[in-house]
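Listed below are the residues making up each chain.
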Amino acid sequence: MSEFKKVAGLTGMKDALPPETARWERLEAIVRDWLAGYGYQNLRTPVLEHTRLFARGIGEVTDIVEKEMYSFVDPLNDERLTMRPEFTAGIVRSAIEHNFLYDRPRRVYAMGPVFRHERPQRGRYRQFHQIDVEALGFPGPDVDAELIVMLARLWRLLGLKDIRLELNSLGQAAERAAHRAALVAHLEKHVDVLDEEARRRMHSNPLRVLDTKNPAMQDMANAAPRLFDFLGAESLAHYRGLCDRLDDAGIAYTLNPRLVRGLDYYNLTVFEWVTDRLGAQGTVCGGGRYDGLIELLGGKPAPAVGFAIGMERLLDLWQQDAPDQDPAECQIYLVHQGDEAQRRAAQIAESLRDAGLRALVHAGSTGFKSQFRRADASGAVAAVVIGGDELASGQATVKWLRAGDAGQGQQESIAFGQLAGKLQQRI
Ligand code: HAM
């Protein structure tokens, strides 16, 4: 026994093992096809960025920047670095740096891990994964609608039920400023019911104060002036333009004037897809328009809109709505006895793979009985047996394994040279 004390994984950071990983891979494949159908191209950015990118992009007075980022000082050059808590800021940085969006607008996506130091619970992790989609350089509202229609298609492709769309408009900076003044006045009037966090934020980020879950503050929040009521004609026309297109596509939505999102870069359209079937963390996807972010991060001004899906939450919902059996490790399991038979089985397995079949050769020298147990556990449709008799006759014994199959329990002999062709026809 080793002296080394075993090491556990980190809190809030999950391993994914087979067969669960097969679902991840299937989801990723479906998502790539779905995105290709709308002309989205993959853009990959590093996990690490300068901390100031996120502080500026997401906003200093947000939960993410104030308390959830994994940041550290790189001792080699004294730089403050952060593991990305989202994709948008990094993608915008990259697009600016490579002059990627000025010749023509761009539709891009990224998929991968992001990091937030939150209290873990079902659907909330410290390392989680996002499918992030950004349309850079489009003023909308046509593209805002396209993104939402596209999401409705993904839910359909996956067979998801009970997922609903909430919309809001955050207007433009001047409208938010007018609303903000009214809101701060309201908060000041009700300062006695505000909790500590709300008092701290009432001047720096009053909109986020309304996002509170504190029951004692609900009445105050419900009575607060609504940003939506401060929207001018242009912002309302943008919102109407989005709604008309959602109506065209037959997509239902509700206006939620309290929806503000947890990141500061949004204007006009914001939306979330939510469900009641994931416990407390019911938001599967969130996004919106961020027309000011590219300029804020040092680029030439250009409008943009996007969203991110939480993959763990999406998988949880998908598993509920479309549960499936464990996928098989292989289609054919080759069992053998003796050195020569093992070598022959390895060659035959290669010929099966040439024919597009998934094959596993038993490894190690155990008896037939335990090899057949392994063959069963692998989920294979058939076992191909190569023993002394088979080597002598040049014919493999094929045993059909799967319950429910017409051929289950049957066995037959097939010449080595014909195995690939015959099995390929039958499977
Ligand atoms: P977000 O709302 O912060 O938006 O995150 C998007 C999604 O990530 C959430 O709706 C949720 O499904 C998932 N998520 C967030 N935190 C966690 C967590 N701790 N554990 C598991 N899943 C989580 C953004 O990140 C924006 N960048 C979206 C965007 C893109 N807006 C415009 N473009």
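Anything mentioned here points back to the structure above.
None of the values given here were measured: they were computed from a predicted structure. Within every chain, residues take consecutive numbers counted from 1 along the sequence as written. Side-chain atom pairs in this predicted model are given and counted only at pLDDT of 80 or more, local residue features only at pLDDT of at least 70, and totals for whole chains, interfaces and linings cover all residues. To obtain the side-chain values, all non-hydrogen atoms of the structure were included, while hydrogens and water were left out.

Focus: the sheet that holds strand β5 (residues 106-115)
Taken together, the 8 strands give an open sheet; going across it, the order is β1-β5-β6-β11-β10-β9-β7-β8, and neighbouring strands pair in mixed fashion. On the outer flanks of this sheet lie β1 (41-42) and β8 (254-255), each paired with one strand and no other. Pairs of residues are marked as contacts when any of their non-hydrogen atoms sit within 4.5 Å. The axes used here are C-alpha line fits, helices contributing only the stretch in contact, and every angle between their N-to-C directions lies in the interval 0 to 180 degrees. Helix and strand assignments come from DSSP, with helices taken as H or I runs of at least 4 residues and strands as E runs of at least 2, each series counted from the N terminus. Each of β7 (164-169), β8, β9 (267-274) and β10 (283-289) is contacted by helix α10 (residues 233-248), which is oriented at about 160 degrees to β7, the strand it contacts most. Each of β5, β6 (127-136), β10 and β11 (304-310) touches helix α12 (residues 311-321); the most contacted strand, β6, lies at about 105 degrees to it. A strand pair is defined by DSSP finding two or more bridges across the two strands.

Side note on the environment of E166
Along the chain, the position of E166 falls in strand β7. For E166, a relative accessible area of 15% puts it in the buried group. With near-sequence residues (within four places) excluded, E166 lies in contact with T254, N256, L259, V270, F271, E272 and V274. Any N or O atom pair separated by 3.5 Å or less is treated as a polar contact, with the protein-specific requirement of one donor-capable and one acceptor-capable atom, and with residues adjacent in sequence counted only for side-chain atom pairs. Among the polar contacts made by the side chain of E166, one reaches the side chain of N256 at a distance of 2.8 Å. The buried label applies to any residue whose accessible area, calculated with a 1.4 Å probe on protein chains only, is under 20% of its type's maximum; exposed applies above 50%, and partly exposed to all values in between.

Focus: unusual backbone geometry
If a residue is not glycine, its phi is most likely negative; likewise, a peptide bond is most likely trans. Cis geometry marks the peptide bond from P18 to P19, where omega comes out at 5 degrees. The residue P19 is located in the segment before α1 (20-36) in this model. Between G140 and the following residue, P141, the backbone shows a cis peptide bond with an omega angle of 5 degrees. Within the element layout of this structure, P141 appears in the loop between β6 and α5 (142-158). Phi is positive for D78, close to 65 degrees, though the residue is something other than glycine. Given the relative accessible area of 65%, D78 is considered exposed.

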